[in-house]
Amino acid sequence: MRKVLLLFILLSNFLFSQGPSNIATANRDLWKLPMKSTKDFDVASKLEMLVFLETFKDIDVLNESELFKTLGVKDGSSSGVKTWKKQTQDRLVSNFKDLEADALSEVISVKANPTFPELVLATKKLSNELPENLKNWYQNSKSFYKTYILECLRLAAKSNKRTSEINTLDPTEKNGFESKDKSYLLTFDDGPTQKNGHTDKLINILKEQHLNGIFFLSGDKLQQRIAANGKNNVASMYGENWIGSHSMVHKSHQYLPDWKLQIDESNSIIKDVFDFNNKTFYFRPPYGQRSPEIINYLLKNKQPILLWNIDSQDWSEKISSQEVSSRVITLMLLWRKGIILFHDVHPKAAVAVPAINEYFKDCQIKWLKPDEIQ
């Protein structure tokens, strides 16, 4: 067993050294059960959570030194890792309580309201009791979660030096885990693009799909769009979608000397264009990196921070549009609630969002409107 773990460490070191190539990707085509009802959603959700837990426990046997070596992190945060692990255990136990009763006995039987140790025991059934038509999905899912859990742990391990979406720093911050079961919010960062570019196409697709969300605008991009097409054109282009700020420039604000100037300049440009009557004006820090000082400054201006817990990774050239939708679908089933991060300056969201909406159309999930954020 020790040799297997050491091999896993060496392999993981290689993966993390490759940058974007370590992004977790799933293949939903391997899921051979129907997705036509709330029960089908819960059966798929239950099995995703069990495979996640099985993989989670495999990685959890690594001691701190081995884990940080695996993650390629020096002087990592022990408390950050422990916090993420504890929160994850609690969230999954809570998620199992939300499963429909008639889904508990399907495929792999799980008792109602299980404890975390009882869930760990249930994962031992996976290798022996899964039907043949789910064996390929199972192998793909295990591979997905090995990489995904390491994604999360790497953020947690680096949280002592670089904050991120992996945890909240203040009770006013929202990351999606506070939402109700099967409720999801769409968000889009970094735009707008030039006229008739990816942003415009995505807005039209959202309208066709009867969906909306929040667009977090970069002040410099907005300034360019206003200069090219006029303030009135920009003010009307987003329809029923809400607008948030992604600051003036896309740089980490945690250690940026002039972060206050960047926030103020972006806010001034955005508020000169858009009406925020009865609307919360959210802020999303670039890369999710911020400090308590930034949070307090924003709150004085009644501008809470909105993070995310489902990252599509659609910015990466290493992941296709189909892989983006499969990744998001898988994480929606795992976490059962959340704020989804896309980027409207890239083309993949326009393909992935309709695919995700179609996949869950019979499952009674709730796409949140911005004014329904908990």
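None of these values were measured; they are calculated from a predicted model.

Caption draft 1: Looking closely at unusual backbone geometry. For the bond running from Gly191 to Pro192, omega is 5°, close enough to zero to count as cis. Relative to the assigned elements, Pro192 resides in the loop between strand E1 (183-189) and helix H8 (198-208). Of note, the phi angle at Asp190 is positive, near 90°, even though the residue is not glycine. By the element assignment, Asp190 lies in the loop between E1 and H8.

Caption draft 2: Representation of the nonpolar core. Leu47, Phe52, Tyr148, Phe274, Met332, Phe342 and Phe360 are the most contacted members of the largest nonpolar core, which totals 94 residues. Not counting the four nearest positions on each side in its chain, Tyr148 is found in contact with Ala24, Phe52, Asn309, Arg327, Leu331, Leu334 and Trp335. Ranked by size, the runner-up nonpolar core spans 21 residues in total, among them Ile295, Leu298, Ile305 and Leu341.

Caption draft 3: Main features of the pairing of E1. Here E1 lies mainly inside the structure; 7 of its 7 residues are buried. What you see with E1 is no split at all: Ser183, Leu185, Thr187 and Asp189 on one side and Tyr184, Leu186 and Phe188 on the other are buried throughout. Pairing analysis gives 7 bridges linking E1 to strand E5 (residues 337-343), with the strands arranged parallel. Residue Phe188 lies in a different strand from E5, and its bridge partner there is Phe342. With 2 bridges joining them, E1 and strand E6 (residues 366-367) adopt parallel strand pairing. Following the sheet pairing, Ser183 is matched in E6 by Lys366. After leaving E1, the chain enters H8 and then returns to the sheet as strand E2 (residues 213-217), a path that is right-handed.

Rules used throughout
Residues numbered from 1 in each chain as written. Predicted model: local features only at pLDDT ≥ 70, side-chain atom pairs only at ≥ 80, totals over all residues. Heavy atoms only, no water. Helix = DSSP H or I, 4+ residues; strand = E, 2+ residues; numbered from the N terminus. Core = buried A, V, L, I, M, F, W, Y, C linked by side-chain atoms within 4.5 Å. Buried < 20%, exposed > 50% of the residue type's maximum accessible area, 1.4 Å probe, protein only. Contact = heavy atoms within 4.5 Å. Pairing = 2+ DSSP bridges. Right-handed = clockwise from strand over helix to strand, strands pointing away.

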